[in-house]
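These are the residues of each chain, in order.
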Amino acid sequence: MSAHAITLYYAAFTRASRPMWTLEELGINYALKKIDLKLKEQKNPEYLKIHPLGLVPAMVVDGQTMIESGAMCMWLADQYPEKKLCPEITSPERAHYYQWYFLSCNHLEPELVKIFLHTKKLPENERNPSEIEKAKVLFGQSAVVFENALKDKSYLIQNIFSAADIFVGSQMIWAESMGLLSEFKILTQYCSHLKGRKAYQSAQQKAK
Ligand SMILES: N[C@@H](CCC(=O)N[C@@H](CS)C(=O)NCC(=O)O)C(=O)O
């Protein structure tokens, strides 16, 4: 087993919950540093040395910084193969493991961000309902692909829980919280199954 000194910079209710959930699934030691987004700590010069875009999460591993929540989930899973959070690098399943990360990152997340911006984040006078409608259609088209993939199973890859379920599942749980899964029964079940995991719950507790 590799032993790494890991520090995760996080804020509550952010994409930091993805690497945190992965760390909890692995059951390894790590340190947490909270960044207060309301106080704009993410834009402090000291923090910008860790994350040049001033965002969370950021992770420092053995003195080396790393950004992007998806990359962190993948990297962590690869570092601890004995925990079986990802298919082996040379296995055929590895192709789909990558596929689900990139599909969700490129086709789900941008639409979720648009919906979030135009329903909650932007000042009311900058919100555009037609952006929400367009994003909902595109989100729905990709969500169907995941719904079909999960038709006869609980997890994306060979019905074995993996870090791809953490990454995709986090986005689906976000989508569910915005009321976007009402027509997706399988995805709703997927979310409730994932939310029942101990590691998910302890990450949620620690992220508060
Ligand atoms: N693609 C990045 C997105 C990071 C990101 O946008 N983080 C948000 C929270 S979820 C943030 O730090 N927002 C603070 C800000 O915009 O100042 C990732 O997945 O790590």
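Residues numbered from 1 in each chain as written. Predicted model: local features only at pLDDT ≥ 70, side-chain atom pairs only at ≥ 80, totals over all residues.

Draft legend 1. Just the overall build of the protein chain, in detail. If you tally the helices and strands in the protein chain, you get eight helices and four strands. Start at the N end of the protein chain and walk to the C end: the helices and strands fall as β-α-β-α-β-β-α-α-α-α-α-α. The globule rule puts the C-alpha radius of gyration for 208 residues at 17 Å, and the 17 Å found for the protein chain is close to it. C-alpha extents for the protein chain along the principal axes are approximately 45 × 45 × 30 Å. When burial is assessed residue by residue, the protein chain has 35% of its 208 residues classed as buried. Taking contacts inside the protein chain between residues at least 6 apart in sequence as the whole, the part at least 24 apart equals 64%. (Helix = DSSP H or I, 4+ residues; strand = E, 2+ residues; numbered from the N terminus. Rg over C-alpha atoms; globule rule 2.2 N^0.38 Å. Buried ≥ 20, exposed ≤ 12 C-beta atoms within 10 Å, placed from the backbone. Contact = placed C-beta atoms within 7 Å.)

Draft legend 2. Layout of the nonpolar core. Counting 51 residues, the largest nonpolar core has L8, C73, A163, A164 and L187 as the members making the most contacts within it. Counting the residues that make up this core, at least three belong to each of domain 1 (6-85) and domain 2 (93-197). Leaving out residues up to four positions away in the same chain, A164 has contacts with Y97, W100, Y101, L156 and I157. (Core = buried A, V, L, I, M, F, W, Y, C linked by C-beta atoms within 7 Å. Domains from an automatic or database assignment.)

Draft legend 3. The arrangement of the environment of Q204 in detail. As for its position among the elements, Q204 is in helix α8 (residues 198-206). Take Q204: there are 16 C-beta atoms within 10 Å of it, and that puts it in the partly exposed class.

Draft legend 4. Structural detail: the site of the ligand. In the neighbourhood of the ligand, the contacting residues comprise T14, R15, L37, Q42, G54, L55, V56, P57, E68, S69 and G70. Residue classes in the shell around the ligand are distributed as four nonpolar, five polar and two charged. (Near = placed C-beta within 6 Å. Nonpolar A, V, L, I, M, F, W, Y, C, P; charged D, E, K, R; others polar.)

Draft legend 5. Quick look at the domain arrangement of the protein chain. On domain assignment, one finds that the protein chain holds domain 1 (6-85) and domain 2 (93-197). Centre-to-centre separation of domain 1 and domain 2, based on C-alpha positions: 21 Å. Facing the nine residues of domain 1 at the interface are seven residues of domain 2. Of all the secondary structure elements, the ones that give two or more residues to the side of domain 1 that touches domain 2 are α1 (17-26) and α3 (69-79). The residue inventory of the side of domain 1 that touches domain 2, partitioned by class, reads five nonpolar, three polar and one charged.

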